[in-house]
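For reference, the chains in residue letters:
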Amino acid sequence: MVINRWQDNFKIKDWAPKFNKKMVEVMRKNQFTAEQPADFTKFNDASFNEQQTLMKNVIAKNYQIKLLTSFNERTVYGVVGKNATGQFFYALDKNLPEKISTAELKTLL
């Protein structure tokens, strides 16, 4: 199972407000991909603070979101979300210490 491969290096966490800022940073810096781009049109055009608000008040309510974090949870390496119709959005940090494919990231949901 994919998660077993990551157990030694990462934690897999559900989205929570405490991760909001770092998750938005990963998405901004690493050109996130969305299979349903219409859900993210406001997000792409918003300021950093507005993006955090959109993530917390709109996107997190429409998507099941998992995060790939360091063990101390200070660093968010990746984010993946899936909506009710099975469409994903995801972003992986370019400086991730280990190569992880998009397909592997999607298996977290």
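Remember, it's a predicted structure, so these values are computed and weren't measured experimentally.

### Brief notes about the pattern of salt bridges
Side chains that differ in sign of charge can pair as their charged atoms come close.
Okay, step 1: Under the criterion given, the structure shown has five salt bridges.
Okay, step 2: Here D14 ties to K66 by a salt bridge, and the two come within 2.6 Å at their closest N and O atoms. Here D14 is found in strand β1 (residues 11–14), whereas its partner K66 is found in strand β3 (residues 63–69), with 52 residues between them in sequence.
Okay, step 3: Between K18 and E73 there is a salt bridge, with the nearest N and O atoms lying 2.9 Å from each other. With a gap of 55 residues between them, K18 in the loop between β1 and α2 (20–29) and E73 in the loop between β3 and β4 (76–83) connect regions that are remote in the sequence.
Okay, step 4: Taken together, the shared-partner salt bridges connect K11, K13, K18 and E73 into one network.

### As for the packing of aromatic side chains
Okay, step 1: Summed over all chains, the structure comprises seven aromatic pairs.
Okay, step 2: Between F40 and Y63, the aromatic rings sit 5.7 Å apart at their centres with planes inclined by 50°, giving tilted as the arrangement. With F40 in the loop between β2 (33–34) and α3 (41–45) and Y63 in strand β3, this pair connects stretches of sequence that are 23 residues apart. As far as burial versus exposure is concerned, F40 and Y63 are alike and both buried.
Okay, step 3: Relative to F89, the ring of F40 lies with its centre 5.0 Å away and its plane at 55°, an arrangement referred to as tilted. Of this pair, F40 sits in the loop between β2 and α3 while F89 sits in strand β5 (residues 88–92), and the two are 49 residues apart along the sequence.
Okay, step 4: Taken together, the ring pairs connect F32, F40, F43, Y63 and F89 into an aromatic cluster.

Scoring rules and cut-offs
Every chain is numbered on its own, with residues counted from 1 as its sequence reads. pLDDT decides what is reported in this predicted model: residues at 70 or higher carry local features, side-chain atom pairs at 80 or more are listed and counted, and totals for whole chains, interfaces and linings draw on all residues regardless. As a convention, hydrogens and water are excluded, and side-chain values are obtained from all of the structure's heavy atoms. Salt bridges are defined as contacts in which a side-chain nitrogen from Lys or Arg sits within 4 Å of a carboxyl oxygen from Asp or Glu. In this text, helices come from DSSP runs of H or I with a minimum length of four residues, and strands from runs of E with a minimum of two, each type numbered from the N-terminal end. Here the aromatic set is Phe, Tyr and Trp, taking the six-membered ring for Trp, and pairing holds for ring centres within 6.5 Å; pairs whose planes are under 30 degrees apart are stacked, those over 60 apart are edge-to-face, and all others are tilted. The rule is simple: take the accessible area with a 1.4 Å probe, protein chains only, and divide by the maximum for that residue type; under 20% is buried, over 50% is exposed, in between is partly exposed.

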